[in-house]
Every structure is written in structure tokens, then in C-alpha cells.
Protein chains: 2
Amino acid sequence: MPELRKDPIVGRWVIISTERGKRPCDFIVKHPDTKGGFCPFCPGNEDKTPKEVLSYREPGTSQNGPGWRIRVVPNKYPALRIEGNLGRRGDGVYDIMNGIGAHEVIIESPNHEDTLSTVSAKQFEEILWAYRDRMVDLKKDHRLRYIMIFKNYGDAAGASLEHPHTQLIALPIIPKRVQEEIDGSLEYYNYKERCIFCDVIRQELMQMKRVVTENGDFIAVTPYAPKTPFSIWILPKEHGARFEDAQKNQYRNLAEIFSDVHKRMDKVLNKPPYNFILHTSPIKNGDLEYYHWHFEIMPVLTKVAGFEWGTGFYINPTPPEDAAMFLREVKI
Amino acid sequence: MPELRKDPIVGRWVIISTERGKRPCDFIVKHPDTKGGFCPFCPGNEDKTPKEVLSYREPGTSQNGPGWRIRVVPNKYPALRIEGNLGRRGDGVYDIMNGIGAHEVIIESPNHEDTLSTVSAKQFEEILWAYRDRMVDLKKDHRLRYIMIFKNYGDAAGASLEHPHTQLIALPIIPKRVQEEIDGSLEYYNYKERCIFCDVIRQELMQMKRVVTENGDFIAVTPYAPKTPFSIWILPKEHGARFEDAQKNQYRNLAEIFSDVHKRMDKVLNKPPYNFILHTSPIKNGDLEYYHWHFEIMPVLTKVAGFEWGTGFYINPTPPEDAAMFLREVKI
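None of the values given here were measured: they were computed from a predicted structure. For every chain, the first residue of the written sequence is number 1, and numbering continues from 1 along that sequence. Think of it this way: whatever chain is written first is A, whatever ligand is written first is 1, and the rest follow in order. Whole-chain, interface and lining totals are the exception, using all residues; otherwise, since this is a predicted model, local features are given only for residues with pLDDT of at least 70 and side-chain atom pairs are given and counted only at 80 or more.

1. Considering the confidence of the model for chain A
In low-pLDDT regions, the fine details of the predicted coordinates are not to be read closely. For clarity, the cut-off: Note on scores: pLDDT gives the predictor's confidence for each residue, bounded by 0 and 100.
When pLDDT is averaged across chain A, the result is 93; 95% of the residues are at 70 or more. In the predicted assembly, ipTM is 0.90 and pTM is 0.93.

Below, the structure written as C-alpha cells:
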């Protein structure tokens with residue numbers, strides 16, 4: 001059983017995969033088998049993954065067979081286990097609990113060669129619906145506190161399989177950085193009685209220095225103080241704390257702008273490795289007036305030195321105004 | 001002039017190097033010129049670096065010439081500038097200040113081939129004295145709030161030059177992760193009236209599950225909830241908040257254990273790339289009863305996926321008890 005352990009000083013939880021127990025010799029640098037070879041996510045290989053928990057499929061096709069457009073399966077090597085109780089306990093000054101949670105893979109397309117730049121807007125919209133449907137389902141599990149949706153694309157961004165996919169990790173704790181964002185937003189709200197993200201959106205639309213693109217429902221901007229070059233946030237213009245509570249037409253417009261941003265990023269940065277993360281309200285927090293859901297997209301262009309993630313202090317060589325200009329002006 | 005910008009939601013400062021202004025085409029993946037070629041840090045090339053701010057040298061040799069054992073110079077491409085005023089100001093919802101601070105390089109040995117595993121204990125001790133002497137000097141600058149001492153070793157850890165060196169960045173702000181550690185320690189102290197690090201040391205010495213090695217003044221342990229495999233902390237056994245206030249014989253014993261830990265790490269993990277960071281009290285905080293200085297060493301063995309540093313949530317495949325066992329039992 002994997003363990004969740006808490007750092008006693010800063011209160012950060014980590015997963016310790018006690019079962020994998022990597023020995024020193026297991027850390028030989030190797031590149032993942034991303035090109036060629038057998039792909040467990042391709043149609044026809046459905047029996048090589050755990051049984052699907054959701055699929056959007058053509059009429060007349062059967063579960064765990066071909067004919068799907070989107071398929072969600074449990075991760076074959078999950079970082080957390082869904083069965084069991086939390087078992088919160090102490091060990092002297094330390095805190096520990098069982099590694100309970102869900103770890104799923106959203107297979108974004110049956111086509112191995114697809115990327116989020118090449119899928120149709122309709123397909124992209126279904127990917128977003130799959131995120132939402134899994135979140136709505138997992139929220140019923142009262143042991144869980146937060147659902148992380150994130151994508152690693154490319155070797156340098158931590159992807160281990162090439163077939164287009166997103167990951168979902170549902171946790172019995174709220175990650176520290178998420179809590180920090182919630183707390184920071186609340187502090188501003190307590191002072192101003194306004195959502196800080198709404199204020200950021202208003203200022204960005206007025207200054208037009210960091211706006212990459214926008215549509216009726218969404219705005220894509222480079223944030224004012226990004227940790228890494230060419231970071232992009234996509235925010236709904238209308239206030240909302242929870243991704244899964246968005247309106248139907250918002251998912252369509254989000255697919256449109258998300259696809260647009262991927263095309264711009266691929267053109268300007270030549271298909272870079274990247275990560276994106278959905279930032280949304282914790283499960284039990286309700287519809288907060290002070291928090292505002294959004295996606296953060298981070299191309300992996302620079303090497304993050306250990307001191308940067310050790311101190312939380314980053315050096316970014318590209319002003320976000322320059323990044324926004326390149327992304328805004330490129331022909332797609 | 002580089003800028004320090006603050007994220008309006010979480011309050012994290014970043015350096016934006018407005019002068020370097022990297023364009024998309026500058027992010028072509030290239031490996032730094034670490035092997036062979038001209039080295040500006042080698043003896044005889046002293047005129048290829050900015051003028052030294054400190055050196056320990058043989059009697060009769062002159063500043064900025066050969067004959068040094070340790071040499072500290074300003075970084076030729078500094079992330080921050082020492083001249084000017086802070087210029088704290090706002091831009092609507094955002095906060096900004098001038099990129100004031102110091103960025104220095106501690107050249108650890110005249111010998112290009114040395115590593116912290118090969119330098120003598122005496123040389124290692126002088127490296128630690130150089131850290132201390134620079135800190136004591138920079139603390140006189142009342143614009144500064146925190147001094148970061150860190151090392152990037154190897155390409156994967158962010159090193160851009162091979163010649164053995166440590167970096168120092170002095171900042172007009174306290175990095176968020178540092179403040180978090182201070183706040184977390186204070187919270188524990190308010191509750192228990194004891195230093196949490198002292199409690200951790202007592203428990204580690206009792207359990208002996210995560211101790212790598214120890215001597216009269218110091219203990220090296222793998223932390224209970226490490227973000228990455230084979231992380232190591234070196235802590236003074238006696239309480240102290242500030243590295244620069246250590247006793248003379250503590251520097252000698254720190255050199256001894258630090259050297260020992262480097263040898264163990266190199267043997268077990270085959271000379272891995274790594275980072276280390278000195279965690280010490282902020283400049284203006286005085287001699288805190290609740291904070292305890294220490295070094296954190298992190299071998300770079302896994303690829304940190306964006307979601308990990310985006311959420312502060314890490315998956316570590318090696319239990320620290322296993323890592324400690326390998327490091328403790330290796331013959332050096």
C-alpha cells in the first residue's frame with residue numbers, strides 16, 4: 001500500500017510508493033519508449049489496460065472494445081489505491097495515512113498520432129466533458145478532498161507514453177499549492193470583497209499587454225509573474241469556482257480557445273513539451289465567491305534548477321508581455 | 001534592470017530578466033559547454049571574471065591573480081543588480097520592484113577536476129568559511145532580506161559550468177518556501193515550545209531508521225517525507241538558527257560530514273547530478289528559538305513533472321528508510 005506522508009515543518013504531503021521501492025540501480029537514465037512499439041491505448045488493445053470507467057463511443061459498440069472516441073481507464077501503475085480506509089495515524093512527530101485515492105488516464109483520442117493541436121474542436125470538447133464526468137463521479141467518494149487533472153506532454157515534461165492522454169489523480173488531502181491559492185484569494189476577498197481573478201481579468205482586458213486571445217466566454221493571458229517562460233492561463237470571464245459546474249456552452253468555448261492556444265504554442269515554440277493543470281475548487285469547498293477556476297499551461301523550455309523548486313524562487317528570462325506578443329501575433 | 005514581480009494570488013516573487021528578453025528561437029535545446037574548452041574559473045584566467053570580492057590565497061600572491069584556494073566573484077550574468085534603489089511600486093492589482101540584489105559565484109577549488117567528493121576536508125572547510133564570510137558581509141546591506149547559498153552540480157541539475165562552484169543570491173525579499181518553513185516552525189513552537197527540528201533530530205536518533213551518518217556536531221538523515229528519492233538533510237545537533245553564527249569547530253565537523261555524505265552519494269548513485277541549498281534564518285530575523293539551520297541535498301534522479309511543481313504534490317518512488325540504508329551501508 002502506498003503511503004501519504006506529511007512533512008512536519010511545512011505540512012506538505014507526498015506519496016511514498018513503498019511497493020515500487022526503487023533501488024539505486026533503477027535510476028539509470030533512460031528515455032521512455034514513446035516512439036514506435038506497442039501502444040496499450042490504441043484501439044484493439046483495450047484488454048491491455050484496466051477496465052474502462054467511462055467511454056464515449058459509437059452506437060452499437062461494446063465497453064472495453066474498439067469504437068470509442070474518448071476512453072477513461074484506471075492507471076495500470078497507480079500512485080494511489082482506491083480500496084481501503086484512510087488510516088490517519090502518527091509516528092512521533094510525523095503524520096502518515098494510507099495512499100488512498102484514484103489515478104486514472106483519460107485517453108484523448110483513438111488516433112495515436114493526434115495531439116491537442118490536431119484534434120477537432122468537437123473532440124476537444126468531449127475531452128473536457130470526460131474530465132467533468134469523472135470529477136462529478138469521484139466527488140461522491142467522501143474520503144476524497146481534491147481532484148487534480150493534468151497533462152504531461154513530451155519526454156521532458158514527464159510523459160511516459162506517446163498516445164494522447166490526460167491524467168487524473170483524486171486525493172484524500174488538498175495539495176499545498178492549491179490551498180495556498182485558495183488562501184491567497186480569500187485574503188484578497190476579505191480585503192476588497194472582490195474575486196482577485198476577476199480583477200486580474202478586468203485589468204488584462206484594459207491593458208491588453210498580456211492577452212493572447214479571447215472569445216465570448218474565455219480569456220487566455222500570460223500571467224504577470226510567471227515562474228517559467230511562455231506560461232499561459234485560460235480563465236472563464238464569468239466568475240465560477242468549480243470547473244465541473246460550467247455551463248454547456250462554456251465547454252464548447254473552452255475547447256475552442258484551448259485548441260487555439262495549443263496551435264499558437266506549437267507554432268511559436270515548435271511543438272514544445274508542456275504540462276497543463278486544472279486549478280479548481282476543492283471537493284468540499286462549495287461554490288466559493290473568492291476562487292476562480294482556470295487552466296495553467298507551462299511549456300517546458302528551461303531547466304528548473306533544484307534551488308528553484310527548493311526555494312520557490314524562479315528566474316524567468318522572458319517577460320510575459322513579450323511571450324504574449326509572440327503568441328498573439330503568430331498566424332495559425 | 002531586471003524586475004522582481006509578485007504573483008497577486010499566492011504572493012510568490014519571481015525575477016523577470018527583462019534585459020535578456022529571450023525570444024522563442026533562443027530556447028533551442030542545447031547542452032552547456034561543460035566538457036573541455038575554455039574555463040573562466042581556472043587559475044590564470046582571473047581577468048575573465050568580474051573582480052573578486054573575496055579570496056583565500058597563498059601568502060605573497062595578489063588579488064585577481066593566481067595563488068588562491070577559494071575565490072568569490074560576482075556572477076558575470078547576474079540575475080540581480082547590486083546598484084540602485086528598490087523602487088517598490090504597484091501596477092493596478094500587481095506589485096513590482098527593481099531587481100536589486102547580489103549574485104555571486106564561490107569557486108570551490110583551483111582544480112577544474114575537483115568535486116565535493118574529492119576536495120580535502122580542509123578545503124571543504126574553507127568553502128564553508130567563504131559562504132559564511134560573504135553572508136556576514138552582505139548582511140550589512142540593509143536593502144537585503146535573505147541570502148540563498150545553493151549548488152547546481154551536473155547538467156540535469158542546472159549547472160552551466162563544470163569547474164566546481166557554489167552560487168549565492170542575496171534578495172530584497174524572503175522566498176516563499178523559506179517563509180513557509182519559518183512559519184511552520186513557529187506554529188509548532190507556539191504549540192509545543194520546542195524547536196521542531198530539534199524534535200526531529202531526537203526522534204531520528206532514537207529510531208535510527210533514516211540516519212545516514214553522524215559526528216559530534218552534525219547528523220545526516222533522509223527526511224521522513226522527501227519530495228524526491230535520496231534527499232538528505234544535514235543538521236547541527238545543537239540548536240542554532242543562523243549558519244553564519246556557527247562555532248569554529250562546527251564548520252570543521254560540517255566539512256567532515258558534508259564530504260562524507262558526498263562520497264556516499266557518489267558511490268551509491270554513481271556521481272549523480274544534484275542540488276544543495278542552505279536553509280538559514282532570514283537576515284533581519286535574529287537568532288530564532290524556533291528555526292534551525294540545515295543543508296538540503298537533492299540528487300536529480302527523476303524527472304519532475306510539471307504537475308508536481310505546479311501543485312506542490314510529489315510522488316517519490318523510494319522510501320527514505322531504503323535510501324538511508326543504502327547510503328549508510330555503502331563502503332567509502
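2. Overview of the relation of the copies chain B and chain A
How we decide: Least-squares superposition of the copies uses the C-alpha atoms of those residues scoring a pLDDT of at least 70 in each of them. It is the C-beta atoms, placed from the backbone, that decide contacts: two residues are in contact if theirs lie within 7 Å.
Of the transformation placing chain B onto chain A, the axial shift is 0.0 Å and the rotation is 180°, giving an RMSD of 0.0 Å. The superposition of one copy onto the other is thereby described by a two-fold rotation axis. Comparing interface residues between copies, 100% of those in chain B also sit at the interface in chain A, which points to an isologous, same-surface contact.

3. Quick look at the interface of chain B and chain A
As a reminder, the rule being used: A run of DSSP states H or I qualifies as a helix once it reaches four residues; a run of E qualifies as a strand once it reaches two. Both are numbered from the N-terminal end. Three categories are distinguished: nonpolar for Ala, Val, Leu, Ile, Met, Phe, Trp, Tyr, Cys and Pro, charged for Asp, Glu, Lys and Arg, and polar for the others, with Gly belonging to the last. We treat two strands as partners when DSSP finds at least two bridges between them.
Taken residue by residue, the interface counts 70 residues in chain B and 70 residues in chain A. Sort the elements by how many residues they give to the side of chain B that touches chain A and helix α2 (residues 176–192) of chain B lands first, with 7 residues. Of the residues that constitute the side of chain B that touches chain A, the class distribution is 38 nonpolar, 17 polar and 15 charged. Where strand β15 (residues 314–316) of chain A meets strand β2 (residues 13–16) of chain B, 3 bridges bridge the pair, whose relative direction is parallel. By the bridge assignment, A:Tyr314 is partnered in β2(B) with B:Val14.

4. Overview of the sheet that holds strand β14 (residues 294–299) of chain B
All names here are of chain B. Applied cut-off: Here, axes are lines fitted to C-alpha atoms. For helices the fit covers the stretch in contact, and angles between N-to-C directions go from 0 to 180 degrees.
Read across the sheet, 10 strands follow the order β3-β4-β7-β9-β8-β13-β14-β12-β11-β10 without closing on themselves; strand pairing throughout is antiparallel. The open sheet is flanked by β3 (54–57) and β10 (211–214), the only strands paired with a single partner. Within the sheet, the average angular offset between the axes of one strand and its neighbour, ignoring direction, is 15°. The pairing of β3 with strand β4 (residues 68–74) spans 4 bridges and is classified as antiparallel. Residue Leu-54 lies in a different strand from β4, and its bridge partner there is Val-72. The strands touched by helix α3 (residues 196–207) are β10, β11 (218–221), β12 (232–236) and β14; relative to β11, the strand with the most contacts, the crossing angle is about 75°.

5. So, the environment of A:Ala102
Residues and elements named next belong to chain A. Here Ala-102 is to be found in strand β7 (residues 102–107). Separated by 42 residues in the primary sequence, Ala-102 and Gly-60 have C-alpha atoms spaced 29 Å apart. With residues near it in sequence (within four places) discarded, Ala-102 still touches Leu-80, Ile-82, Leu-138, Leu-168 and Ala-170.

6. Considerations on the packing of helix α1 (residues 121–138) of chain B against helix α4 (residues 248–269) of chain B
Residue and element names in this part refer to chain B. Put simply, the test is: Two helices that cross are described as forming a left-handed crossing if the nearer one is turned anticlockwise from the farther one by less than a right angle, and a right-handed crossing if clockwise.
Put simply, α1 and α4 touch, their axes get as near as 8 Å, and they point 115° apart. α4 is crossed by α1, and the crossing has right-handed handedness. On the side of α1, the interface is formed by Ala-121, Phe-124, Glu-125, Leu-128 and Trp-129, while α4 contributes Tyr-251, Arg-252, Leu-254, Ala-255, Glu-256, Phe-258 and Ser-259. When its residues are assigned to classes, the contact of α1 with α4 shows 8 nonpolar, 1 polar and 3 charged.

7. Remarks on the domain arrangement of chain A
Residues and elements named next belong to chain A. Filter applied, for reference: For the domain bounds, the source is a domain assignment made automatically or taken from a database.
Under the domain assignment used here, chain A contains domain 1 (3–149) and domain 2 (177–303 + 314–329). Between the C-alpha centres of domain 1 and domain 2 the distance comes to 24 Å. Counting from both sides, the interface comprises 17 residues of domain 1 and, opposite them, 17 residues of domain 2. Of all the secondary structure elements, the ones that give two or more residues to the side of domain 1 that touches domain 2 are α1 (121–138) and β8 (146–153).

8. Side note on helix α2 (residues 176–192) of chain A
Residue and element names in this part refer to chain A. Let me state the cut-off plainly: One less than the number of residues in a helix, times 1.5 Å, gives the span that helix is expected to have. Whether a residue is buried, exposed or partly exposed follows from its count of other C-beta atoms within 10 Å of its own C-beta, namely 20 or more, 12 or fewer, or something in between, respectively; the C-beta atoms are built from the backbone. What the arc describes is the spread of directions from the helix axis to the C-beta atoms.
Across its 17 residues, α2 extends 24 Å between first and last C-alpha, which sits within 8% of the 24 Å expected from 1.5 Å per residue. Every buried residue belonging to α2 is among Arg-177, Val-178, Glu-181, Ile-182 and Ser-185, and all of these are buried. Mapping the buried residues of α2 onto a view down its axis gives an arc of 145°, with all of them on the same face. Exposed and facing more than 90 degrees away from the buried side of α2 are Asn-190 and Tyr-191. Following α2 by one or two positions, Glu-193 adopts a phi angle in the positive range, close to 55°.

9. Some details on unusual backbone geometry
Where the residue is not glycine, phi is negative for most of them; where a peptide bond is considered, it is trans in most cases. Residues and elements named next belong to chain A. In the Ramachandran plot, Asn-64 falls in the positive-phi region, its phi being about 60° despite a non-glycine side chain. Residue placement: Asn-64 occurs in the loop between β3 (54–57) and β4 (68–74). Taking the number of C-beta atoms within 10 Å as the measure of exposure, Asn-64 has 14 and is therefore partly exposed.

10. Structural notes on the pairing of β2(B)
All names here are of chain B. Because side chains alternate across β2, one face comprises the buried residues Trp-13 and Ile-15, and the other comprises Val-14 and Ile-16, equally buried. Pairing geometry for strand β1 (residues 3–6) and β2, over 4 bridges, is antiparallel. Residue pairing across strands places Leu-4 opposite Ile-15, the latter belonging to β2. Linking β1 back to β2 in an antiparallel pair, the connection comprises 6 residues, with Gly-11 at a positive phi of about 75°.

11. Examining the pairing of strand β7 (residues 102–107) of chain B
All names here are of chain B. Within β7, 6 of the 6 residues are buried, which leaves it mostly tucked inside the rest of the structure. Alternating positions in β7 separate into two faces, Ala-102, Glu-104 and Ile-106 on one and His-103, Val-105 and Ile-107 on the other, with burial throughout. Relative to β7, β4 runs antiparallel, the two sharing 4 bridges. Bridging from a neighbouring strand, Val-73 pairs with Val-105 of β7. Two elements, β7 and strand β9 (residues 165–171), share 6 bridges in a ladder whose sense is antiparallel. Considered in β9, the bridge of Glu-104 is made with Leu-168.

12. Brief notes about the sheet that holds strand β9 (residues 165–171) of chain A
Residue and element names in this part refer to chain A. Spatially, β3-β4-β7-β9-β8-β13-β14-β12-β11-β10 is the arrangement adopted by the 10 strands of the open sheet, whose pairing is antiparallel. Each edge of the sheet is formed by a strand with only one pairing partner; in this case those strands are β3 and β10 (211–214). Shown here is a sheet whose adjacent strand axes are inclined to one another by a mean of 15°, direction ignored. Bridge count for strand β12 (residues 232–236) against strand β14 (residues 294–299) is 3 bridges, and the pairing is antiparallel. Paired with Trp-233 across the two strands is Glu-296, which belongs to β14. Here helix α3 (residues 196–207) sits on the sheet in contact with β10, β11 (218–221), β12 and β14, set at roughly 75° to β11.

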